[in-house]
Amino acid sequence: MITLETMPPLMFGGLVIAMLIGFPVAFTLAAVGLSFGFLAIHLGFFDLNFLQAIPGRVFGNVLSNELLLAIPFFTFMGAVLERCGLAEDMLDSMGQLFGPIRGGLGYSVIIVGFILGAITGTVAAQVIAMALISMPVMIRYGYNMRYITGVLAASGTITQLVPPSLVLIVLADQLGKSVGDMYLGAWGPSVFQILLFAGYTFLLGLFKPDHLPPVPKEARTLRGWALWKKCLMGIIPSAVLIFVVLGTMMMGLATPTEAGAMGAVGAIVLAAIHSKDFSTTGRKVLIIGAIAGGIGTIIGIFFTQGLFFKLAFALTYLAVLWICLEAVRIPDLRDLIKQGYETTMRITCMVTFILIGSTCFSVVFLGVSGGVWLEHLLTSLPGGVWGFLIFINLFIFFLAFFLDFFEIAFIILPMIAPIAQKILAPVVGADAALIWFGVMLCVNMQTSFMHPPFGFALFYLRGVAPKEVKSSDIYWGALPWVGLQAIMVALVIAFPVTVTGLLDRPSNVDLNQIKIEVPQIELPPLDFGPPAK
């Protein structure tokens, strides 16, 4: 006889078995949830009216969730930027800038991966683009094959952690936290991770110099101002786009959806600028718009936002509109924008269906007291807070062998978030607990793209690598970088300040000491006149 206590583990086990069969996750979640829901009704654990919560949550929390509207915008932004030639220009200029240094091409891949991660947010495109551009060059100059494959895959997965990552938006939504706070919390670990990657490259250059040779002098075609100009032409527009997307959000000037919309328009502008068919008139309009935007920003910061402020930004908006119309005029960019729309539609539909399926599963799971069962299981772990964190991170690490980060976020996080809030609040405070937890899981889920044999970044790399690159080199090359990512998880666990350092500190105010004094105002006596006869 099936009891209420055995229903939650049966549901969880049934979900694992169903997913191992290979059926699409979104439909598996819905099928398992509804099957156990009807079984629970048959056994009398709840009645049919309880399932009315499913359409209520789907239409009330999923399809009307304004935060999730940011996903299509950021997806479109990444889809456009991945194909517009920005990565090629930046890798070429950075490679020549760092070329004289031992391991210089590795440093350039890491830095460009970080910058592209901050403006694209898509792992697949970043790994493929950087592998196609950098791998032949690194092979030609004698870099160790396992280092090549490892650094290309790892620098592509950093995009999961660097804002404006889609992973962070989804985590913020599922944890019920602000996207801006999640982005602030992720900056520390993302910068530390880049330093870890660069440090590993530096040590490898010291102990095995033949693995990371410098680029020969005759291969460095650009020098002096010409080299710096090419570097700045890639970095400055990217920095402007990063500020438009992230800066406005963190300063409270734009919501995540509004910032994503500006990022989508900015991606079209960047793609047009990098096109060889961009007209001379368009470049003049770009300069005028940039100058007007700078003047408007200065006026807005230091002076009153009057008529000149409005005129300056009106010129900027007109310049952006002109450049977008130029992008539509250029056939290659028109096709690129169309491909961006198609990619956005596919990913958005996938996310929506996974959310609907996970809603079906989670409603039934909570209806059979799954939350109580899970809380008892996790709070009874040995080691208290640290035992909980170690267990959850190991669980997510192994779960990532089989599941995508969207699936982990939509299936697992809603179950464990309330428990994490209760357990972690005494360590970092109630406000920062879930931010710390979410960023920690984001760092952990990077490994889902890297660890053999199921890491998607390794599959992408295998698909574009030359035939002389062995699969064993790809898999063995990934292991040191997975180790570096695991070290980063350990650092985030051991030093919560890496996440909470940039967050707003809660004000330590004793509410008992607050006094509100309302001045007494003497009013003239009311005179309504003699009563009516």
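Everything numeric here is computed off the predicted structure, so don't read it as measured data.

**Quick look at the packing of aromatic side chains**
Aromatic ring pairs: the centre-centre distance and the angle between the two ring planes describe each pair.
Thought 1: This model, assessed by the stated rule, comprises twelve aromatic pairs.
Thought 2: Where Phe197 meets Trp481, the ring centres are 5.2 Å apart and the plane angle is 75 degrees; that geometry is what we call edge-to-face. Of this pair, Phe197 sits in helix 10 (residues 179–207) while Trp481 sits in helix 22 (residues 471–494), and the two are 284 residues apart along the sequence.
Thought 3: The class for Phe197 is buried, based on a relative accessible area of 1%.
Thought 4: Ring geometry for Trp386 and Trp436: centres 6.5 Å apart, planes at 70 degrees, overall edge-to-face. Taken together, the residues Trp386 in helix 17 (residues 384–399) and Trp436 in helix 20 (residues 430–445) connect sequence positions 50 residues apart.

**Considering helix 13 (residues 280–302)**
Thought 1: Here helix 13 contains 23 residues, and its C-alpha end-to-end distance of 33 Å stays within 8% of the 33 Å for a straight helix at 1.5 Å per residue.
Thought 2: Along helix 13, the positions that sit buried rather than exposed are Gly282, Val285, Gly289, Ala292, Gly293, Gly296 and Ile299.
Thought 3: The inward-facing, buried residues of helix 13 abut helix 14 (307–329).

**Remarks on the environment of Leu246**
Thought 1: Tracing the sequence through the fold places Leu246 in helix 11 (residues 224–250).
Thought 2: Residue classification places Leu246 among the buried positions, given a relative accessible area of 3%.
Thought 3: Residues Leu246 and Pro163, 83 residues apart in the sequence, show an inter-C-alpha distance of 7.5 Å.
Thought 4: If we ignore the near neighbours within four places in the chain, the residues touching Leu246 are Pro163, Pro164, Tyr183 and Trp187.

**With respect to the environment of Asp173**
Thought 1: Relative to the assigned elements, Asp173 resides in helix 9 (residues 166–175).
Thought 2: Expressed as a C-alpha distance, the spacing of Asp173 and Phe410, which sit 237 residues apart in the sequence, is 9.7 Å.
Thought 3: Among the polar contacts listed, one links the side chain of Asp173 to the side chain of Gln174, at a separation of 3.0 Å.

**Quick look at the packing of helix 10 against helix 20**
Thought 1: Where helix 10 meets helix 20, the closest approach of the two axes is 9 Å, and the angle between their N-to-C directions is 45 degrees. Between helix 10 and helix 20, the angle falls in the class oblique. Note that helix 10 runs across helix 20; the crossing there is right-handed. Mapping the contact onto sequence places Asp181, Met182, Gly185, Ala186, Pro189 and Gln193 in helix 10 and Ile435, Gly438, Val439 and Val443 in helix 20.
Thought 2: Residue composition of the contact of helix 10 with helix 20, by class: six nonpolar, three polar and one charged.

Calculation criteria
Residues numbered from 1 in each chain as written. Predicted model: local features only at pLDDT ≥ 70, side-chain atom pairs only at ≥ 80, totals over all residues. Heavy atoms only, no water. Phe/Tyr/Trp six-rings, centres within 6.5 Å; stacked < 30°, edge-to-face > 60°. Helix = DSSP H or I, 4+ residues; strand = E, 2+ residues; numbered from the N terminus. Buried < 20%, exposed > 50% of the residue type's maximum accessible area, 1.4 Å probe, protein only. Expected span 1.5 Å × (residues − 1). Contact = heavy atoms within 4.5 Å. Polar contact = N/O pair within 3.5 Å; in protein donor to acceptor, adjacent residues only side chain to side chain. Axes fitted to C-alpha atoms, helices over the stretch in contact; angles between N-to-C directions. Parallel < 35°, antiparallel > 145°, perpendicular 65-115°, else oblique. Left-handed = near helix turned anticlockwise from the far one by under 90°. Nonpolar A, V, L, I, M, F, W, Y, C, P; charged D, E, K, R; others polar.

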